[in-house]
Amino acid sequence: MSELPAASSDPIVDIHDVYQSFGKVEVLKGISLSVPKGGVVCIIGPSGSGKSTLLRCINGLVPIDRGSIRVAKFDVHKLLTDQEKIALRKEVSIVFQQYNLFPHKTAIENVMMAPIHVLRENKDEVRVRAVALLKKVGLSEKADVYPGELSGGQQQRVAIARSLAMRPEVMLFDEVTAALDPETVKEVLNTIRALAQEGMTCMLVTHEMRFARELADTVYFTDGGVIVESGPPADLFDRPVKERTRAFLSQIL
Amino acid sequence: MSAGGSDHAIRTRTLRWNEPLPQTTDLPVLLPAASHLAHAAAIERTAGAFTLRLRPAHGVALAVLFLIGCGWAEAQVQPGQPSIVETLWKWTPVLLRGFLFNLLISAVAMAAGTIVGLFLGFAQISLLPPVRKGAWLTTHFFRNAPWLVLLFYCMFLLPFQVRIFGVTIPIPDWLKATLGLALPVMANVSEIVRGAVQSIPTTQWESAASLAFNRRQTLWMIIFPQCIKRMLPPWMNLYAILTMSTVLVSIVGVNEMMSLTRQALSAENRPGLLLAFYSYVLFWFFLYCYPIARWTVRLEARYAVND
């Protein structure tokens, strides 16, 4: 396993030797990686290699067996109470492959719900922010539309706006374009690109290799619950060292 | 029978009503029926009981039965006796008062059963094992006990009056009977709630958790609102079943439509009236329950599309 020194001296996400299993199935077998503030990290690899589980571990949705995960000021592996987990999730937001919008709420209500009820912020201020966020993801005119009437790409952009409304320090993207058709993939990727360029710390699990190459500072290739190889995209994509990486890339590039 | 025929005979087995239907068939001609039956079975599983399958034809059949009853009774009218329609008309105000009583019992039992059933349903998904198991046991005890037995328990175990701070409050029979009917309603509502909550995809919980909602907020603001439209059709179905079951309280001596019909018949003492009078009772229940059943079917169809 190779580990790059962090680009910044102060990583905002620091994962050390993490093990995780569902029953007898060991999903993560000693993962270590770190992300500097403002960094963009892509995790690639075959299905079942533990990529999505890793992201869920980072915001405490899935508990880990061993190792340590630190995000900003939180030691995620030590958080036990709901209050602690809630405090963490205000800092780290995740966007899912299947959008998971709340179907009984309009687009703007989806964006406004968590800031109002979780952060207990003023409703009018939240509305101003939600309008701005929907504008940012290019959906101003869809504010009062229910998720069922939106396309997949539009739903995913609402989901991104919903996550951003919590003003997180870190955004996690779990194969957010995997359920979309090629045309709508672009609109979602443009949104993420804009975020990354504004300096948001992003971790993406993705199968969009061109996007990973363009945007990532560091790309991690995982297989079988371990990081096989990592490095800047130019190195990992063009000059992979490990045989397993070469085999994987030759399959999909 | 040919060899192929006996081969089929081995594989063919009568399905019980609540068994899942096979998803495939080697007889393509059965496919349309299979999907229809699968849908009907799915509805019955959600409702936890047989659903009403009323069609306009049922109304016509009922009307025909009623007319035959009238005709038969009419034919037996002795000279000097009033005609059958006249007799029915004479008793109608009394019978309808009884029917309104049936409706009152059904409404009170449904309201009480629903309120307690909602709590019980949420207790069934509690994270505290004693609460969850207690609610499960209560639900299944009352859901699987015969309605009539519960009714008798309530009639004979509850006191006919209670004294609170020296004030004697009588408990009328009809209230006890209503409580007896509310118990199975409560248990069925509890199961409807549990089923609906568990039918919401886990990704909704995950999504809410990732946005830092706590469990109470998630249930109240995200899961339950999505459950309401899933709960409505089986709940209305339950109400229709309850309304028809209110005639059970005639057995324990409450003066509702069924008891009054019996009293009317014995007062008239004309055997020819039997069929006409009971058909007349059926007709009133049909008039009330049929629109509910049709509305339920419409709601089910609409929600199936929107989900």
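Owing to the predicted nature of the structure, the values given are computational and were not obtained by experimental measurement.

**Q** When you look at the overall build of chain A in this model, what are you seeing that I'm missing?
**A** The secondary structure content of chain A amounts to nine helices and ten strands. On C-alpha atoms alone, chain A measures out to a radius of gyration of 18 Å, which is about the 18 Å that the 2.2 N^0.38 rule sets for 253 residues. With respect to the three principal axes, the spread of C-alpha positions in chain A is 55 × 40 × 35 Å. When burial is assessed residue by residue, chain A has 45% of its 253 residues classed as buried.

**Q** Please explain unusual backbone geometry as it appears in this structure.
**A** Phi is mostly negative for residues that are not glycine, and the peptide bonds are mostly trans. Of note, the phi angle at tyrosine 99 of chain A is positive, near 60°, even though the residue is not glycine. Locating tyrosine 99 of chain A in the fold gives a position in the loop between β6 (92–95) and α3 (107–117). If you check the backbone angles, alanine 212 of chain B has positive phi at about 75° while not being a glycine.

**Q** Got a minute to help me understand the pairing of strand β7 (residues 170–174) of chain A in this structure?
**A** A regular strand places its side chains on the two faces of the sheet in alternate fashion. Residue and element names in this part refer to chain A. In terms of burial, β7 is largely enclosed, as five of its five residues are buried. Of the two faces of β7, both are covered, the one formed by Val170, Leu172 and Asp174 as well as the one formed by Met171 and Phe173. Of the strand pairs in this sheet, β7 and strand β8 (residues 201–205) are connected by five bridges, and their pairing is parallel. Opposite aspartate 174, over in β8, you have valine 205 as the bridge partner. Read from β7 through helix α6 (residues 182–197) to β8, the crossover connection turns out right-handed.

**Q** Mind showing me how you'd approach the sheet that holds strand β2 (residues 25–36) of chain A here?
**A** The strands that make up a sheet are held in pairs by hydrogen bonds between backbone atoms, and each pair lies either parallel or antiparallel. All names here are of chain A. With respect to topology, four strands assemble into an open sheet ordered β2-β1-β4-β5, the strand pairing being antiparallel. If you trace the sheet from one side to the other, it starts and ends with β2 and β5 (74–75), each paired once. Two strands pair when backbone bridges link them, and strand β4 (residues 66–71) and β5 are joined in this way by two bridges, in the antiparallel orientation. Bridging from a neighbouring strand, arginine 70 pairs with aspartate 75 of β5.

**Q** What is the right way to look at the packing of helix α4 (residues 84–124) of chain B against helix α10 (residues 257–268) of chain B in this model?
**A** Packed helices, taken two at a time, are described by the angle between their axes plus the distance between the axes. All names here are of chain B. With their axes 8 Å apart at the nearest point, α4 and α10 run at an angle of 155° to one another. Between α4 and α10, the angle is such that the two are roughly antiparallel. By crossing handedness, the relation of α4 to α10 is classed as right-handed. Two secondary-structure elements touch here, α4 through Thr87, Trp91, Val94, Leu95, Gly98, Phe99 and Asn102 and α10 through Met257, Leu260, Thr261, Ala264 and Glu268. Broken down by class, the residue content of the contact of α4 with α10 amounts to seven nonpolar, four polar and one charged.

**Q** What is the right way to read the nonpolar core from this model?
**A** Here is a general trend for soluble globular proteins: nonpolar side chains tend to be buried in one another's company. If you look at the biggest cluster of nonpolar residues, it comprises 114 residues, and the most contacted ones within it are Ile58, Val111 and Met203 of chain A. Examining the composition of this core, we find that twelve residues originate from one element, helix α7 (residues 173–199) of chain B, more than from any other. With sequence-adjacent residues up to four places away left out, methionine 203 of chain A is seen in contact with Val13, Val35, Val41, Ile43, Leu55, Val170 and Leu172 of chain A. By size, the runner-up hydrophobic cluster in this structure holds twelve residues, among which are Leu95, Met257, Leu260 and Ala276 of chain B.

**Q** For this particular structure, what's the right way to read the interface of chain A and chain B?
**A** When the parts of a complex come together, some accessible area is lost, and that lost area is often used as the size of the interface. At the interface, 18 residues of chain A touch 15 residues of chain B. Residue assignment for the side of chain A that touches chain B shows that the elements contributing at least two residues are α2 (82–91), β6 and α3 of chain A. Considering each element in turn, the side of chain A that touches chain B owes the most residues, four residues, to α2 of chain A. Class assignment of the residues belonging to the side of chain A that touches chain B gives a composition of nine nonpolar, six polar and three charged.

Analysis parameters
- Residues numbered from 1 in each chain as written.
- Chains lettered and ligands numbered in written order.
- Predicted model: local features only at pLDDT ≥ 70, side-chain atom pairs only at ≥ 80, totals over all residues.
- Helix = DSSP H or I, 4+ residues; strand = E, 2+ residues; numbered from the N terminus.
- Rg over C-alpha atoms; globule rule 2.2 N^0.38 Å.
- Buried ≥ 20, exposed ≤ 12 C-beta atoms within 10 Å, placed from the backbone.
- Pairing = 2+ DSSP bridges.
- Right-handed = clockwise from strand over helix to strand, strands pointing away.
- Axes fitted to C-alpha atoms, helices over the stretch in contact; angles between N-to-C directions.
- Parallel < 35°, antiparallel > 145°, perpendicular 65-115°, else oblique.
- Left-handed = near helix turned anticlockwise from the far one by under 90°.
- Contact = placed C-beta atoms within 7 Å.
- Nonpolar A, V, L, I, M, F, W, Y, C, P; charged D, E, K, R; others polar.
- Core = buried A, V, L, I, M, F, W, Y, C linked by C-beta atoms within 7 Å.

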